[in-house]
Amino acid sequence: MRKYVIMGVQGSGKGTQSALLAGDLDLTHISVGDIFRWHVKNHTKLGAQVRRLVAAGELVGDDLVESVVRDRLQLHDWNFGFVIDGFPRNRRQAEFFLESYDIDGVIHLDLPDDEVRRRVLARRLCSRCGMDYNLIAHRPEVEGRCDVCGGELVTRADDTPDALARRLRDYHDKTDPVLELFRRKEYVMTVDARADKTTVQQAIRTRFNLPPYEPPPATD
Ligand code: AMP
């Protein structure tokens with residue numbers, strides 16, 4: 001059983017790297033942001049509670065976040081372990097997490113703020129199937145349309161310059177101290193997130209003594 005936390009500023013590739021790691025190692029990828037976005041999209045009661053905060057890129061209250069994480073982990077659909085992404089984001093959440101779960105390591109994707117701005121403001125999402133695009137690194141074949149399902153590509157409501165500035169400030173004020181707390185427990189492996197996604201994934205696996213990543217064969 002392997003249990004990891006993946007941390008890094010917005011746009012550092014947490015979602016992509018978690019998915020690559022989870023794939024062949026049979027880990028469950030738990031993204032707290034995705035859980036909230038699902039509730040907003042499906043108009044649930046929880047969605048109504050968090051809609052405004054998620055759209056503005058502001059943090060949801062700790063009690064609510066902790067109960068979502070607790071409920072999600074209680075599903076126990078993670079026989080081989082999990083990679084949790086987007087949590088913990090402040091000291092209180094980190095203390096809650098460490099009291100309840102033991103973890104094998106923290107993957108810290110390190111990316112300078114300038115590069116974060118460049119990447120995040122180019123990010124697009126399919127409004128139908130949720131596939132991620134990036135106008136710099138992963139352009140759709142037809143502008144504004146998803147390659148997989150043809151859905152319309154949209155910008156996440158929290159990927160605007162104002163919301164991004166707020167999220168970066170929150171990250172440095174509240175989440176940097178979490179890294180410090182984990183570092184004191186020697187859990188943290190910092191990886192340079194500026195490289196391409198395969199290189200970053202290999203670096204994570206080398207640092208944690210995991211089987212090497214085998215990228216799928218090119219299709220064209
Ligand atoms: P993310 O996709 O991780 O950037 O999360 C999207 C949004 O969900 C954030 O801007 C917050 O509104 C909310 N959120 C996700 N994780 C947390 C967390 N650990 N604490 C508070 N709010 C969170």
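Quick caveat, the model's predicted, so the values are computed rather than measured. (Residues numbered from 1 in each chain as written. Predicted model: local features only at pLDDT ≥ 70, side-chain atom pairs only at ≥ 80, totals over all residues. Heavy atoms only, no water.)

## A few points about unusual backbone geometry
In this structure, Pro 88 follows Phe 87 across a cis peptide bond, with omega equal to -5°. Checked against the element boundaries, Pro 88 lands in the loop between β3 (81-85) and α5 (91-100). Backbone geometry at His 43 places phi at a positive 55°, although glycine is not the residue there. By the element assignment, His 43 lies in the loop between α2 (32-41) and α3 (45-56). Judged by its relative accessible area of 71%, His 43 falls in the exposed class. (Helix = DSSP H or I, 4+ residues; strand = E, 2+ residues; numbered from the N terminus. Buried < 20%, exposed > 50% of the residue type's maximum accessible area, 1.4 Å probe, protein only.)

## With respect to the sheet that holds strand β5 (residues 123-126)
Spatial strand order, β6-β5-β7: three strands in an open sheet with antiparallel pairing. Every interior strand has two partners, whereas the edge strands, β6 (132-134) and β7 (153-154), have only one. (Pairing = 2+ DSSP bridges.)

## Looking at the packing of α2 against α3
Two numbers describe how α2 lies on α3: the axes approach to 8 Å, and their chain directions differ by 115°. Taken together, the axes of α2 and α3 lie roughly perpendicular to each other. Crossing hand, α2 versus α3: left-handed. Where α2 approaches α3, its residues Phe 36, Arg 37, His 39 and Val 40 are matched on the opposing element by Leu 46, Gly 47, Val 50, Arg 51 and Val 54. In terms of residue class, the contact of α2 with α3 is built from five nonpolar, two polar and two charged. (Axes fitted to C-alpha atoms, helices over the stretch in contact; angles between N-to-C directions. Parallel < 35°, antiparallel > 145°, perpendicular 65-115°, else oblique. Left-handed = near helix turned anticlockwise from the far one by under 90°. Contact = heavy atoms within 4.5 Å. Nonpolar A, V, L, I, M, F, W, Y, C, P; charged D, E, K, R; others polar.)

## Description of the site of the ligand
Around the ligand, 17 residues are found, and the nearest of them are Arg 37, Glu 58, Val 60, Gly 86 and Gln 93. Contact distances for the ligand include 3.0 Å between a nitrogen atom and a backbone N or O atom of Val 60. In this structure, an oxygen atom belonging to the ligand sits 3.1 Å away from a side-chain N or O atom of Arg 89. In isolation the ligand offers 470 Å² of accessible surface; the protein chains occlude 97% of this area. Of all the elements in the fold, those that place two or more residues in the shell around the ligand are α2 and α3. Broken down by element, the shell around the ligand gets its largest block of residues, four residues, from α2. For the shell around the ligand, a count of residues per class yields eight nonpolar, four polar and five charged. (Near = heavy atom within 4 Å. Polar contact = N/O pair within 3.5 Å; in protein donor to acceptor, adjacent residues only side chain to side chain. Areas by Shrake-Rupley, 256 points an atom, 1.4 Å probe, with all protein chains shown as cover.)

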